[in-house]
Amino acid sequence: MTAKVSVEDVKRVAELAHLELTPAESRSMLHDLNAILDHIAQLGELDTSAVAPLAQVSELEGAGGEGLLRKDAVLPSLDRVGVMAEAPETDQVFFKVPKVIER
Amino acid sequence: MTTETYVEKPKTLSELREGIASGRVKAADLAANYYARIEKVNPRLNIYLSLTKERALEQAARVDATAAKGDPLGPLAGIPVGIKDVLVMRGAPATAGSRILKGYHPPYDATAVGRLEAAGAVLLGKLNCDEFAMGSSNENSAYGPVCNPVNPERVPGGSSGGSAAAVAANIAVASLGTDTGGSIRQPASFCGVVGVLPTYGRVSRYGLIAFASSLDRIGPFAGNVRDAATLLGVIAGHDPCDATSSPAPVADYAAECDKGVKGLRIGVPAEYFGKGLDPEVRERIERGIAALKVAGCTIKPISLPLTRYAIPTYYVVATAEASANLARFDGVRYGYRSPSSATLSDMYSHSRDEGFGAEVKRRIMLGTYALSAGYYDAYYLKAQQVRRLLAEEFLRAFTDVDAIVTPTAPTPAFKLGEKTSDPLAMYLADIYTVTASLAGICGVNVPCGATKAGLPVGMQVLAAHLQEGTALRVARAVEAAEIQGSRTQDAIG
């Protein structure tokens, strides 16, 4: 678990996350990620081979549980006019984005 | 201590409510007075990002009309309250402290916001915070840092820095903040106010701009424990709009906190008093613990040896969830879109690059890395396993004690700029708060004296899931001893 992040890793992860990093940002990201991951590496000291992962604390005993799921019924949603007004570009019915497919 | 201080204690809810109910105080005048003080204080401290005057004055007029008719008033009737800017309010801008949401006006109210207003609260405006609630000093806000009202050269803590500072400076009687790894408790500690971390699921997250969904919680800030308890009672409870909100009944928290602490068993974990703890903070917390003993508590030394794994666990879980949650900010449906993009893919990355700040990018990168192929088991799965161990360690401790007390933060408020160049040092500021975040248990920050330089020290009182009443009782006892202590000091001095 002491895998060191490389310049290529930073580039690949930035692509996955849809982030653009300047060369200066990439350099400081490389440094910061390695420092933080070094700190995280101490989790390797613990033997967790028999421990189930905990994704939601509500599954713990006495933690309050979750409410019943609501009925799968059609309910009014947000008013389209109000929603569309907040988007950068729309035709009032759809969100508009740069062309994806050339015809 | 600097002469430039903006600290002012808000009146209590019961004082204000009595005035409004009797007609001696008009809610409209009270709101106007708060807006006048905001105008005076905010330019220096940068606490409010936007004001919702029209909505506030309409609500105040409704409260005054109800009071004039002699009709029953809600528990927060006419009380001026501020809202952290990661919670949405219909018609008001919601920036989450980010450039990427500049100019966004959400079309609905968060459940907690709606419940406050239904209880009569007058919502003054939106409070500054770290971008997407990521930070421990409020210096990650795209709209500039908040200054601590106690000493404006110091940070207010984060990420709910504006929420804590608003109450400390009395430009809100109470406020809402959010806590993912300590973002209510730590700023409450730095600013010398009460802040409550409710049990995970106790308060609906509907309308909260998500950072890490399995950790995010909404909670109140107030000038005293009882008032914070009253606010918690208003916002707590199941909400069909948040499937993780708990159906457990809501206690009368305000009544709970007056029950006294005689016979309660208080655990003091050695791991929270080790290396890195400021000696003055230690001394104040030990004095607070001594006061609890005098009040009739049994003090028990305990050990929580997994504590040191909490920060690494937290920064894997929180960043992984953040990287998924923040994928929605892509310049399509709301917020900022970069103007110069030929392709869809460029539009996504340009918008995100120009819209997000450095800390948010760092966390998205870390989270994406931890979730990426080949690393998932080593980081994310591992952290979720350690998270269970940490939670179980707390649950075992709570079979022997009713509450656990610790310092909220290892130091008092640090200086603006002091930690901005070292992300890891900033993460370590959360060392005493992330444990409860991971375990989902509840807690309260209660002011517990001040350093010689006049900086507030906060005690963290933790209790098991849904035992907010117990945490508030203990906090109330510490608060009572503090008030008693300062009276004695005044009498001597």
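All values reported here derive from a predicted model rather than from experimental measurement.

A.B. asks: I keep staring at the overall build of chain B and nothing clicks. Help me out?
C.D. replies: What chain B contains, in helices and strands, is 16 helices and eleven strands. The C-alpha atoms of chain B give 21 Å as radius of gyration, which agrees with the globular expectation for 493 residues (23 Å, within 12%). Projected onto its principal axes, the C-alpha positions of chain B cover 70 × 55 × 50 Å. Contacts in chain B between residues at least 24 apart in sequence constitute 76% of all its contacts with a sequence separation of at least 6.

A.B. asks: Sorry, what's going on with the overall build of chain A here?
C.D. replies: On a plain count of helices and strands, chain A comes out with three helices and zero strands. Mapped from its N terminus to its C terminus, chain A presents α and β elements in the order α-α-α. Computed over C-alpha atoms, the radius of gyration of chain A comes to 23 Å, more than 25% over the 13 Å expected from 2.2 N^0.38 for 103 residues, which places it beyond the range of a compact globule. Dimensions of chain A, computed from the C-alpha atoms along their principal axes, are close to 55 × 50 × 25 Å. A total of 103 residues make up chain A; the buried ones form 17% of that total.

A.B. asks: Looking at this structure, I do not really get helix α1 (residues 7-16) of chain A. What am I missing?
C.D. replies: Residues spaced three or four apart along an α-helix point in a common direction, a consequence of the helix completing one turn every 3.6 residues. Among all positions in α1 of chain A, only Val10, Val13 and Ala14 of chain A are buried. Buried residues of α1 of chain A fall within an arc of 105° about the axis and therefore sit on the same side. Elements in contact with the buried residues of α1 of chain A: α2 (23-40) of chain A together with α12 (358-371) of chain B. Phi turns positive one or two residues past the end of α1 of chain A, at His18 of chain A, with a value near 55°.

A.B. asks: Would you take a moment to explain the nonpolar core for this structure?
C.D. replies: As a rule of thumb, nonpolar side chains are buried together in soluble globular proteins. All names here are of chain B. Counting residues in hydrophobic clusters, the biggest one holds 178 residues, and the most contacted among them are Leu87, Ala403, Val461 and Val474. Looking at this core element by element, the count peaks at nine residues for helix α10 (residues 310-325). Residues in contact with Leu87, not counting those within four places in the same chain, are Ala110, Ala112, Val113, Leu176, Gly207, Leu208 and Ile218.

A.B. asks: What's the story with the packing of α10 of chain B against α12 of chain B in this structure? I'm lost.
C.D. replies: To characterise two packed helices, one gives the angle between the axes of the helices and the distance between these axes. Residues and elements named next belong to chain B. Where α10 contacts α12, the axes come no closer than 7 Å and their chain directions differ by 100°. Between α10 and α12, the interaxial angle falls into the category roughly perpendicular. Residue-level contacts link Tyr315, Val316, Thr319, Ala320, Ala322 and Ser323 of α10 to Arg363, Ile364, Leu366, Gly367, Thr368, Ala370 and Leu371 of α12. Taken together, the residues of the contact of α10 with α12 break down into eight nonpolar, four polar and one charged.

A.B. asks: Help me understand the interface of chain A and chain B, please; the structure alone is not making it clear to me.
C.D. replies: It is common to give the size of an interface as the accessible area that goes away when the parts come together. Chain A puts 47 residues into the contact, and the matching count from chain B is 66 residues. By residue number, the principal contributor to the side of chain A that touches chain B is α2 of chain A, which donates seven residues. Of the residues belonging to the side of chain A that touches chain B, the class tally is 30 nonpolar, eleven polar and six charged.

A.B. asks: Quick question: what am I supposed to make of the sheet that holds strand β11 (residues 456-463) of chain B here?
C.D. replies: Consider a sheet: its strands pair through backbone hydrogen bonds, and that pairing is either parallel or antiparallel. All names here are of chain B. The eleven strands lie next to each other as β1-β3-β2-β4-β6-β5-β10-β11-β9-β7-β8, forming an open sheet whose pairing is mixed. Strands at the two margins of the open sheet, each flanked by one partner only, are β1 (48-51) and β8 (298-302). In this sheet, adjacent strand axes meet at a mean angle of 30° when their direction is disregarded. As paired elements, strand β7 (residues 265-269) and strand β9 (residues 403-407) share two bridges and run parallel to each other. By the bridge assignment, Ile266 is partnered in β9 with Ala403. Its contacts with the sheet put helix α3 (residues 53-69) on β1 and β3 (122-127), and the angle it makes with β3 is roughly 160°.

A.B. asks: Explanation requested: the environment of Glu256 of chain B in the structure shown.
C.D. replies: Residue and element names in this part refer to chain B. Examined against the element boundaries, Glu256 turns out to sit in helix α8 (residues 253-256). By C-beta crowding, Glu256 is classed as buried, having 20 other C-beta atoms within 10 Å. Among residues more than four places away in sequence, those in contact with Glu256 are Ala229, Ala251, Gly469, Leu472 and Arg473.

A.B. asks: Just checking my understanding: could you explain the confidence of the model for chain B for this structure?
C.D. replies: In low-pLDDT regions, the fine details of the predicted coordinates are not to be read closely. In this model, chain B carries an average pLDDT of 96, and 99% of its residues clear a pLDDT of 70 or more. Interface confidence for the predicted complex, expressed as ipTM, amounts to 0.94; the pTM equals 0.96.

A.B. asks: Which parts of the structure should I look at to understand the environment of Ala324 of chain B?
C.D. replies: As for its placement among the helices and strands, Ala324 of chain B is situated in helix α10. Between the C-alpha atom of Ala324 of chain B and that of Leu366 of chain B, which follows or precedes it by 42 residues, the distance is 12 Å.

A.B. asks: Would you take a moment to explain the pairing of β7 of chain B for this structure?
C.D. replies: A regular strand places its side chains on the two faces of the sheet in alternate fashion. All names here are of chain B. Note that β7 and β8 share five bridges and pair parallel. Counted as the bridge partner of Ile266 is Ile299 from β8. Following the chain from β7 across helix α9 (residues 279-294) to the adjacent parallel β8, one finds a crossover that is right-handed.

A.B. asks: Even after reading the chapter, I still don't get unusual backbone geometry, so can you show me in this structure?
C.D. replies: In terms of backbone geometry, most residues other than glycine have negative phi values and most peptide bonds are trans. Residue and element names in this part refer to chain B. Cis rather than trans, the peptide bond between Gly158 and Ser159 has omega equal to 5°. In this structure, Ser159 sits in the loop between β3 and α5 (161-168). Despite not being glycine, Ala133 shows a phi value in the positive range, around 65°. By secondary structure assignment, the location of Ala133 is in the loop between β3 and α5.

A.B. asks: Would you explain α5 of chain B in this entry?
C.D. replies: Most of α5 of chain B sits out of view: eight of its eight residues are buried. Backbone geometry just after α5 of chain B places Asn170 of chain B at a positive phi near 55°.

A.B. asks: Where do I start with the environment of Gly195 of chain B in this structure?
C.D. replies: Residue and element names in this part refer to chain B. Take Gly195: it is sitting in strand β5 (residues 194-197). Here the alpha-carbon distance between Gly195 and Gly219, two residues 24 residues apart in the chain, equals 7.3 Å. Contacts of Gly195, omitting those with residues within four sequence positions, involve Ala164, Gly177, Ile184, Arg185, Ala188, Gly219, Phe221 and Asn445.

The rules behind the values
- Throughout, residues of each chain are indexed from 1 in the direction in which the sequence is written.
- Here every chain gets a letter starting at A, and every ligand a number starting at 1, in the order they are written.
- Only residues with pLDDT of 70 or above have their local features reported here, since the model is predicted, and side-chain atom pairs are shown and tallied only from 80 upward, although totals for entire chains, interfaces and linings are computed over all residues.
- Put simply, DSSP marks the helices as runs of H or I at least four residues long and the strands as runs of E at least two long, and each gets a number from the N terminus on.
- The reference for a compact globule is 2.2 Å times residues^0.38; the radius of gyration itself is calculated from the C-alpha atoms.
- By definition, residues are in contact whenever their C-beta atoms, placed on the basis of the backbone, come within 7 Å of each other.
- The exposure scheme places C-beta atoms from the backbone and then counts, for each residue, the other C-beta atoms within 10 Å of its own, assigning buried at 20 or more, exposed at 12 or fewer, and partly exposed in between.
- Read the arc as the range of directions from the helix axis to the C-beta atoms.
- Only buried residues count toward a nonpolar core: Ala, Val, Leu, Ile, Met, Phe, Trp, Tyr and Cys, linked into one set through C-beta atoms within 7 Å.
- Geometry is summarised by axes, namely lines fitted to C-alpha atoms with helices restricted to the contacting stretch, and by angles between N-to-C directions that run from 0 to 180 degrees.
- Oblique is the label for every angle not falling under 35 degrees (roughly parallel), over 145 degrees (roughly antiparallel), or within 65 to 115 degrees (roughly perpendicular).
- Residues are grouped as follows: Ala, Val, Leu, Ile, Met, Phe, Trp, Tyr, Cys and Pro are nonpolar; Asp, Glu, Lys and Arg are charged; every other residue, Gly included, is polar.
- When DSSP finds at least two bridges between two strands, those strands are taken to pair.
- Per residue, pLDDT captures the predictor's confidence, and it can take any value from 0 to 100.
- Orienting the strands away from the viewer, one traces the path from the first strand over the helix to the second; a clockwise path indicates a right-handed crossover.

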